[in-house]
Amino acid sequence: MNQTVQSVRGMNDVLPAEAEFWEFFEERVRLWAKAYGYRPIRLPIVEPTSLFKRAIGEVTDIVEKEMYSFEDSLNGEKLSLRPEGTAGCARAVLQHHLAAQRPQRLYYLGPMFRHERPQKGRYRQFNQIGVESFGFAGPDIDAEQILMSARLWDDLGLDGIELQINSLGQPEERARYRAELVDYFEKHADSLDEEAKRRLHTNPLRILDSKNPAMREMLSESPRLLDHLGAESVAHFEGVQQVLSDVGVAYTINPRLVRGLDYYNLTVFEWLTDRLGAQATVCAGGRYDGLVGQLGGKPMPACGFAIGVERLTALVQESDGVPTAPQTDVYLVYQGDAANAIAPRVAESLRDQGISVLFNCGGGSFKSQMKKADASGALYAVIIGDDEARDDEVTLKPLRDDGREPQKRVSIDGVADEIVKYFLDEDDFDGCL
Ligand code: ATP
Ligand code: MG
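On a predicted model such as this, the values are computed, not experimentally measured, just so you know.

Novice: Explanation requested: the packing of helix H1 (residues 16-35) against helix H5 (residues 139-155) in the structure shown.
Specialist: Any two packed helices are characterised by the angle at which their axes cross and by the distance between the axes. The contact between H1 and H5 brings their axes to 11 Å, and the two run at 140°. Once H1 is placed against H5, the crossing between them reads as right-handed. Along its contact with H1, which presents Arg28, Trp32 and Ala33, the element H5 presents Met148, Ser149, Arg151, Leu152 and Asp155. Looking at side-chain class alone, the contact of H1 with H5 contains 4 nonpolar, 1 polar and 3 charged residues.

Structure below.
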């Protein structure tokens, strides 16, 4: 019995090559959010289970069968790993009166947890970028968030992601529609699958979201919520579309687009791709004016969306948008007592000047250290032997420029300048000068 311990199914390690790409991606995301004036918020991963029951709704896939819930054995609290971020974000806004003075634009990035069947693009721990606004009622902010998501695809060099939008109207409008929809489904009871039958009296709108091809035709003939909207809801929806047209963002109205969570009203949208198999939705969101009230606060208009990071990064990697791995600038090779005594200080002084340094650990002959330097991908070896150390110098050896530049001795104080001079002609310097 000597089995190694494995990670939990559907919860993946992100190994260095991929993690480097994630860092690049996260930096882009932060700049992108800032360009729209959205500020970061960091939220707990564990929340009271009751938060999600109230916010997402008891009769939803997430709460019914996907949540990791448990009782804290130390104090009996009922807790859940967050399956999404909006509920926690709304809770925090309410708890800290964040939007009491002025509306808020917020974003976060982090892991979410859902007990689903793992497959490509669907995991049990996955990451979302969440963007939320609180306190804005008009269609301008809905449109802003759609434009914002469109820009991220551009920033990442992605095309072919299709935008679908719909309006879910207001709760009263939905209630009238719901009655008509249940009528329709009851008339077509023999076309309903088991799941749909179960949903019929608890959450019939969710039936519209079914991916079962056998129900497609029956669903395409079903009554449309858009036909039940009052003048105000229609005007709101048109307001969103107007901005999209003004800016030139293409969209399709999908009258059967409903979202899997109960808190949405008015605008809903999804960005879809056909390049990830069945896992087509890269980004989804909409307006949720009822949520803060549902959590016990004064009603407050709100709107947001979430991007599935694994699905998005899979698309970026597939479309060649992956940047080359950031390289270390210098590998520091040293041997001998005098060299040992100054090597760490030389490395630190290079780092002081924005140059990244891989410090040779574990000793070894010059030859074996040079092998490691070559294999490291660094651009330069900085070599210190006792000779160099005695003269307060190092040998600077380019590792990857096909002999264009010979190795040379330079003074310790002058190494950084020498390297920077070289990088200025190379434009692949990724230090922080
Ligand atoms: P789906 O219909 O694919 O199950 P959803 O409606 O449950 O998606 P949301 O709750 O709207 O998804 O989450 C927003 C985004 O998060 C999704 O569009 C998707 O990109 C991503 N996402 C959701 N669940 C997972 C998961 N289990 N693994 C990876 N990404 C996910
Ligand atoms: Mg889902």
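Novice: I tried to follow the nonpolar core on my own but got confused; where do I start?
Specialist: The nonpolar side chains of a soluble globular protein tend to be buried with one another. With 89 residues, the main nonpolar core has Trp32, Phe134, Trp153, Phe185 and Trp271 as its most contacted residues. Per-element tally for this core: the top contributor is H5, with 8 residues. Apart from residues lying up to four places away in sequence, Trp153 is in contact with Leu158, Ile161, Trp271, Val282, Cys283, Ile307 and Leu312. Within the second largest apolar cluster, 24 residues are counted, among which are Tyr334, Val346, Ala389 and Val394.

Novice: Quick question: what am I supposed to make of helix H2 (residues 49-56) here?
Specialist: The α-helix winds at 3.6 residues per turn, so residues separated by three or four positions along the chain end up facing the same way. Within the sequence span of H2, burial applies to Thr49, Leu51, Phe52, Ala55 and Ile56. The arc that holds every buried residue of H2, seen down its axis, measures 155°, which confines them to one face. Elements in contact with the buried residues of H2: strand E2 (46-48), helix H3 (61-66), strand E3 (69-71), strand E4 (78-81), helix H4 (86-95) and helix H10 (291-294).

Novice: Quick question: what am I supposed to make of the domain arrangement of the chain here?
Specialist: Interface size is commonly expressed as the accessible surface area that is lost when the partners come together. Per the domain assignment, the segments of the chain are domain 1 (16-169 + 229-318) and domain 2 (330-423). Just the C-alpha atoms count here: the centres of domain 1 and domain 2 sit 48 Å apart.

Novice: Looking at this model, I keep getting lost on the packing of H2 against H4. Mind explaining?
Specialist: One way to put it is that H2 packs onto H4 with a least axis distance of 9 Å and a crossing angle of 100°. Considering the angle they form, H2 stands roughly perpendicular to H4. Seen from H2, the contacting residues are Leu51, Phe52 and Ala55; seen from H4, they are Ala87, Gly88 and Arg91. Broken down by class, the residue content of the contact of H2 with H4 amounts to 4 nonpolar, 1 polar and 1 charged.

Novice: Would you take a moment to explain the site of ligand 1 for this structure?
Specialist: Contacts to ligand 1 come from 16 residues, most closely from Arg114, Glu116, Tyr123, Arg259 and Thr281. Here an oxygen atom of ligand 1 sits 3.2 Å away from a polar atom, N or O, in the side chain of Lys211. Listed by contribution, the elements that provide at least two residues to the shell around ligand 1 are strand E6 (125-134), strand E10 (281-287) and strand E11 (302-308). Per element, the largest residue contribution to the shell around ligand 1 is 4 residues, and it comes from E10. For the shell around ligand 1, the class distribution of residues is 6 nonpolar, 4 polar and 6 charged.

Novice: Hey, could you run me through unusual backbone geometry in this one?
Specialist: In terms of backbone geometry, most residues other than glycine have negative phi values and most peptide bonds are trans. For His97, which is not glycine, the phi torsion reads 50° and is therefore positive. Its place among the elements puts His97 in the loop between H4 and strand E5 (104-113).

Quick notes on the rules
- Residues numbered from 1 in each chain as written.
- Chains lettered and ligands numbered in written order.
- Predicted model: local features only at pLDDT ≥ 70, side-chain atom pairs only at ≥ 80, totals over all residues.
- Heavy atoms only, no water.
- Axes fitted to C-alpha atoms, helices over the stretch in contact; angles between N-to-C directions.
- Helix = DSSP H or I, 4+ residues; strand = E, 2+ residues; numbered from the N terminus.
- Left-handed = near helix turned anticlockwise from the far one by under 90°.
- Contact = heavy atoms within 4.5 Å.
- Nonpolar A, V, L, I, M, F, W, Y, C, P; charged D, E, K, R; others polar.
- Core = buried A, V, L, I, M, F, W, Y, C linked by side-chain atoms within 4.5 Å.
- Buried < 20%, exposed > 50% of the residue type's maximum accessible area, 1.4 Å probe, protein only.
- Arc of directions from axis to C-beta.
- Domains from an automatic or database assignment.
- Parallel < 35°, antiparallel > 145°, perpendicular 65-115°, else oblique.
- Near = heavy atom within 4 Å.
- Polar contact = N/O pair within 3.5 Å; in protein donor to acceptor, adjacent residues only side chain to side chain.

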